[in-house]
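Observations on chain architecture
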Amino acid sequence: MADEPASKPPALTPDAAAWPFNADSPVVEGLVRADRPVSVMLVDLTGLDWPRIEPLLPVARDVAREQEMVPVLVVDLVDFRGLRQAGFAYDTLPNAAANASFAEGDWLSYLARRRAVLVAKWQPRAIVHLGTRAEWET
């Protein structure tokens, strides 16, 4: 009896691939539907810790509301508890400060690729930079 090839894992649906970053957010819940387009505003908060992010949340919400968009926060936090309790949709990038020892390698290219993946995933109509890093290419 010949060995059978290992089966591939099932392909993820877009919602499953995005979990938990959009499925459990009250900001996005019920809005992302096939019959209704949603304009996303990525709000870049990378480089900031929670005490510096928290006062910016009303700004992010108000700016997105004025533009008739849904804010999706992009953070590089290690601890997400405050962010999850705030009820925003969010996505992550690796924490640059925590990974500073890798900067000698191809770290900048890696971060650029991760940003490109987030842009492809969320397809934002706008990106607003409130954090300390604004190296996004759109």
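Heads up: these notes are all about the structure in this document.

1. Focus on the nonpolar core
Note that soluble globular proteins tend to have their nonpolar side chains buried in a common cluster. Counting 15 residues, the largest nonpolar core has V43, L45, I53, L73, V75 and L83 as its most contacted members. Listed by contribution, the elements that provide at least two residues to this core are strand 1 (40-44), helix 3 (57-66) and strand 2 (70-75). The element contributing the most residues to this core is helix 3, with three residues. With sequence-adjacent residues up to four places away left out, L73 is seen in contact with V43, L45, L57, A60, L83, F88, A89, Y90 and D91. Core analysis: the second largest hydrophobic core is formed by ten residues, L42, V72, A89 and W122 among them.

2. A look at the pattern of salt bridges
In total, this model carries two salt bridges according to the counting rule given. Ionic pairing is found between R65 and D62, a salt bridge with its closest N-O pair at 3.3 Å. Taken together, the positions of R65 and D62, both in helix 3 and three residues apart, correspond to about one turn of that helix. Residue classification places R65 among the exposed residues on the basis of a relative accessible area of 53%.

3. Describing helix 5 (residues 107-122)
Taking 1.5 Å of rise per residue, the 16 residues of helix 5 would be expected to cover 22 Å, and the 23 Å separating its terminal C-alpha atoms lies within 8% of that figure. Among the residues of helix 5, those classed as buried are W107, L111, R115, L118, V119 and W122. All buried residues of helix 5 fall inside an arc of 120 degrees around its axis, so they share one side. Where helix 5 is buried, its residues contact strand 1, strand 2, strand 3 (89-92) and strand 4 (126-129). Trailing helix 5 by a residue or two, Q123 shows a phi angle of about 45 degrees, which is positive.

4. Remarks on unusual backbone geometry
Phi angles above zero are rare outside glycine, and E68 is one such case at about 55 degrees. Take E68: it is sitting in the loop between helix 3 and strand 2. Despite not being glycine, Q123 has its phi angle at roughly 45 degrees, a positive value. On the secondary structure map, Q123 appears in the loop between helix 5 and strand 4.

5. Remarks on helix 3
Within helix 3, the full set of buried residues consists of L57, A60 and A64. The buried residues of helix 3 occupy an angular sector of 65 degrees when projected down its axis, which confines them to one face. Exposed positions of helix 3 whose direction lies more than 90 degrees from the buried face are R65 and E66. Two residues or fewer after helix 3 comes E68, characterised by a positive phi angle close to 55 degrees.

6. Focus on the sheet that holds strand 3
For sheets, the rule is that strands pair by backbone hydrogen bonds, running either parallel or antiparallel. An order of 3-2-1-4 is seen for the four strands of this open sheet, with the pairing classed as parallel. What marks the edges here is a single partner per strand, and that holds for strand 3 and strand 4. This sheet shows a mean twist of 25 degrees between the axes of neighbouring strands, independent of strand direction. Alignment of strand 1 against strand 4, held across four bridges, turns out to be parallel.

Cut-off values and rules
Residues numbered from 1 in each chain as written. Predicted model: local features only at pLDDT ≥ 70, side-chain atom pairs only at ≥ 80, totals over all residues. Heavy atoms only, no water. Core = buried A, V, L, I, M, F, W, Y, C linked by side-chain atoms within 4.5 Å. Buried < 20%, exposed > 50% of the residue type's maximum accessible area, 1.4 Å probe, protein only. Helix = DSSP H or I, 4+ residues; strand = E, 2+ residues; numbered from the N terminus. Contact = heavy atoms within 4.5 Å. Salt bridge = Lys/Arg side-chain N within 4 Å of Asp/Glu carboxyl O. Expected span 1.5 Å × (residues − 1). Arc of directions from axis to C-beta. Pairing = 2+ DSSP bridges. Axes fitted to C-alpha atoms, helices over the stretch in contact; angles between N-to-C directions.

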